[in-house]
Amino acid sequence: MKRIWWKEAVVYQIYPRSFMDSNGDGIGDLKGILSKLDYLKELGIDVIWLSPIYESPNDDNGYDISDYYGIMSEFGTMEDFDTLLEEVHGRGMKLIMDLVVNHTSDEHPWFIESRSSKDNPKRDYYIWKTGKDGGPPNNWESFFSGSTWEYDEATGEYYLHLFTKKQPDLNWNNPEVVKDIYSMIKWWLDKGIDGFRVDAINHMGKAEGFPDDPNPEDQRWNTGYKMFSNLPQVHEQLQKLNKEVLSHYDIMTVGETSGVGPQEALLYVGEDRNEFNMVFQFEHTGIDSGVQGKWGVEPWSLLDLKKIMSKWQTELYEKGWNALFFNNHDQPRAVSRFGDDKKYWSESAKLLATYIHTLSGTPYVYQGEEIGMTNVAFDSIESYRDVEILNYYREKVVEQGQDRDEIMKRIHHKGRDNSRTPMQWNTSEQAGFTTGTPWIAVNENYPTINVEDQLHDPHSIFNYYKELIQLRKKHDVFVYGNYELILEEDEEIYAYTRTLGDQKLLVILNFFGGTPTFRLPNSLKVEAKELLISNYSVEENEQIEEVTLKPYEARVYLLK
Ligand code: NOJ
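Residues numbered from 1 in each chain as written. Predicted model: local features only at pLDDT ≥ 70, side-chain atom pairs only at ≥ 80, totals over all residues. Heavy atoms only, no water.

Caption draft 1: Here's a closer look at the overall build of the protein chain. Per the secondary structure count, the protein chain includes 16 helices and 20 strands. For the protein chain, whose C-alpha radius of gyration is 24 Å, the value lies close to the compact-globule estimate of 24 Å for 560 residues. Projected onto its principal axes, the C-alpha coordinates of the protein chain cover approximately 80 × 50 × 50 Å. Split into buried and exposed, the 560 residues of the protein chain put 61% on the buried side. In the protein chain, which carries 58 positive and 93 negative side-chain charges, the distance between the mean positions of the two groups comes to 3 Å. (Helix = DSSP H or I, 4+ residues; strand = E, 2+ residues; numbered from the N terminus. Rg over C-alpha atoms; globule rule 2.2 N^0.38 Å. Buried < 20%, exposed > 50% of the residue type's maximum accessible area, 1.4 Å probe, protein only. Lys, Arg positive; Asp, Glu negative; His and termini not counted. Charge placed at Lys NZ, Arg CZ, Asp CG, Glu CD.)

Below is the structure:
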């Protein structure tokens, strides 16, 4: 297998708005990030991914860009950015930016021109259509509720927006758009950044003729999803982008591609494909959604998780590369979702970490995950800030009159603001995030869950992450080993081996609060073993042929 730095790296995602505020305006900023670089270095991070920091009216917190060449004034200046990049590099770390080019803000000068008249030279930078039967051009539904089409009085046509109506989709069939976007990407790469996380990129191509979706009742997907996701033209565009721009730099790229299985993902990340290095897939984060899609709240089963992840582990091995994560700024907090954020908070956070960091692929840590930050449940919709949550509530409760408590329950479980409450640095007011009033309330559990306490506690979740990250750096098998599932049918224990030459890891994970017995399969002969890490203390000479596991127990052995 080809060895390369981004396979060996651990990435840390920063959501700048919620990370650290340096000037007391209640909004995280670049100087705030700068002040925490030593913290990230201490954790062992190699690459920092910044969610968007470009100029933006913040309809979707920066995922609606109005100037690709400017820094959002709330976050600082280009000078602050240059200092940050220099300081990141000075500490031996790398920095990747979010690249949002499926759409811009409606306040981007291109769109302002585009909507001004039908014959404006920028008209075709976006996707404009005439309506049908007195309504929008087709039945496609946006990711954030309602139609993907917005009627524009000025010219009497509709423009397409897969996300909010303030995020019009760019027209990638227009060579002028392609040229302008390429120049912008080169500009950032020439500044010396180390790559991109590429937002919603599997939607950059739309079905020709913009047909209606014939299956609007399938709730797993928003109507039209298949007509604007993972189409062949996306790959044509990405291969061209790679050839003309990306391949000229030593960078890493990770595409966000919802709705793909491993075989489709290989079209993006196959080593012979020259598109991206890896993609974020969402099959595993869908296991608690059932048939209702994103907002569904269903019990999840370990067998499903095993089936999905084993498929990804084996089908990509030696052909492509996985991005490993449970958390990001769009997902609820994993310890609340797949662990137990009450009785076994610390144990289950460590178990989930052990899992992510012992699979084949590049692990991503989302801010606060390393201290076990949890979901929030604000009582009032007024406390929420996320446009997806607010639109959902308006559509279901206000417009359709659905049960408020049921909708709030879903928001508590699945809403994106769960991961966007401010980073919990210490026990001082506002968790040390700001001296002002934060743009979204801090989670009230900060007096017990915060960085400062955990830095001092050798048994903390933070120190466990640190140890896991060091293990990856020490043993190649963590990075390059082949994954093999054992105890396939066990409903509580997830166990597997990773093998590289004569190195073998055995990972044993009790995913729930019970005390099941682990039995070593006969096929696995153990002559000698070394316990590399565990989230409980284990007696030195304990045999592993048969072990009763403690709730959420995780162990990783090196076998000989
Ligand atoms: C995916 C991003 O992760 C999410 O936060 C954003 O709302 C959409 N893409 C639109 O850019």
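Caption draft 2: The side chain of Ser 336, seen in detail. Summarising the element assignment, Ser 336 is placed in helix H10 (residues 334–337). Separated by 2.9 Å, the side chain of Ser 336 and the backbone nitrogen of Asn 375 make a polar contact. Each residue touching Ser 336, except ones within four places of it in the same chain, is listed here: Asp 341, Thr 374 and Asn 375. (Polar contact = N/O pair within 3.5 Å; in protein donor to acceptor, adjacent residues only side chain to side chain. Contact = heavy atoms within 4.5 Å.)

Caption draft 3: Just the pattern of salt bridges, in detail. Taken as a whole and judged by the stated rule, the model has 41 salt bridges. Residues Arg 220 and Asp 218 are paired through a salt bridge, measuring 2.9 Å at the closest nitrogen-oxygen approach. Take Arg 220: its relative accessible area is 49%, and that puts it in the partly exposed class. For Asp 218, a relative accessible area of 26% corresponds to the partly exposed category. For the salt bridge of Asp 405 with Arg 404, the shortest nitrogen-to-oxygen distance reads 3.4 Å. Of the residues examined, Asp 405 reaches a relative accessible area of 53% and is grouped as exposed. Put simply, Asp 60, Lys 294, Asp 330, Asp 386, Glu 388, Arg 416 and Arg 420 are held in one network by salt bridges that share partners. (Salt bridge = Lys/Arg side-chain N within 4 Å of Asp/Glu carboxyl O.)

Caption draft 4: Focus on the environment of Ile 14. Along the polypeptide, Ile 14 turns up in strand S1 (residues 11–14). Beyond its immediate chain neighbours, meaning those up to four positions away, Ile 14 contacts Phe 19, Ile 33, Leu 40, Ile 48, Trp 49, Leu 50, Ser 51 and Gln 367.

Caption draft 5: Geometry of the pairing of strand S9 (residues 195–198). Of the two faces of S9, the one lined by Gly 195 and Arg 197 and the one lined by Phe 196 and Val 198 are each fully buried. Across three bridges, strand S5 (residues 94–99) lies against S9 in parallel orientation. The residue of S9 that forms the bridge with Asp 98 is Arg 197. When S9 meets strand S10 (residues 252–256), the two strands line up parallel, connected through four bridges. Looking across to S10, one finds that Val 198 is bridged to Gly 255. A crossover connection joins S9 to the parallel S10 through helix H7 (residues 232–244); in handedness this β-α-β unit is right-handed. (Pairing = 2+ DSSP bridges. Right-handed = clockwise from strand over helix to strand, strands pointing away.)

Caption draft 6: Just the domain arrangement of the protein chain, in detail. Taken domain by domain, the protein chain consists of domain 1 (109–160), domain 2 (379–417) and domain 3 (481–559). One C-alpha centre belongs to domain 1, the other to domain 3; they are set 56 Å apart. (Domains from an automatic or database assignment.)

Caption draft 7: Structural view of the packing of helix H11 (residues 345–357) against helix H15 (residues 461–474). Across the interface, H11 lies against H15 with an axial gap of 10 Å and an inter-helix angle of 15°. As judged from the angle between their axes, H11 and H15 are roughly parallel. Read as a crossing pair, H11 and H15 show a hand that is right-handed. Of the residues in H15, those in contact with Trp 345, Ser 346, Ala 349, Lys 350, Ala 353, Thr 354 and His 357 of H11 are Ile 461, Tyr 464, Tyr 465, Leu 468, Ile 469 and Arg 472. For the contact of H11 with H15, the per-class residue count stands at eight nonpolar, three polar and two charged. (Axes fitted to C-alpha atoms, helices over the stretch in contact; angles between N-to-C directions. Parallel < 35°, antiparallel > 145°, perpendicular 65-115°, else oblique. Left-handed = near helix turned anticlockwise from the far one by under 90°. Nonpolar A, V, L, I, M, F, W, Y, C, P; charged D, E, K, R; others polar.)

Caption draft 8: Expanded view of unusual backbone geometry. With phi around 55°, Asn 230 is a residue other than glycine that occupies positive phi space. Among the secondary structure elements, Asn 230 is positioned in the loop between S9 and H7. A positive phi angle, close to 50°, is found at Leu 487, a residue other than glycine. Note on placement: Leu 487 falls in the loop between strand S14 (482–486) and strand S15 (493–500). A residue is classified by how much of its surface remains accessible, and Leu 487, at 24% relative accessible area, is partly exposed.

Caption draft 9: Inspection of the site of the ligand at higher detail. The local shell around the ligand consists of Asp 60, Tyr 63, His 103, Phe 144, Phe 163, Arg 197, Asp 199, Glu 256, His 329, Asp 330, Arg 416 and Arg 420. One nitrogen or oxygen atom from the side chain of Asp 330 is found 2.5 Å from an oxygen atom belonging to the ligand. Between Arg 416 and the ligand, the recorded distance is 2.9 Å, taken from a side-chain N or O atom to an oxygen atom. Taken by itself the ligand offers 290 Å² of open surface, and the protein chains cover 97% of this. Considering only residue class, the shell around the ligand consists of three nonpolar, two polar and seven charged. (Near = heavy atom within 4 Å. Areas by Shrake-Rupley, 256 points an atom, 1.4 Å probe, with all protein chains shown as cover.)

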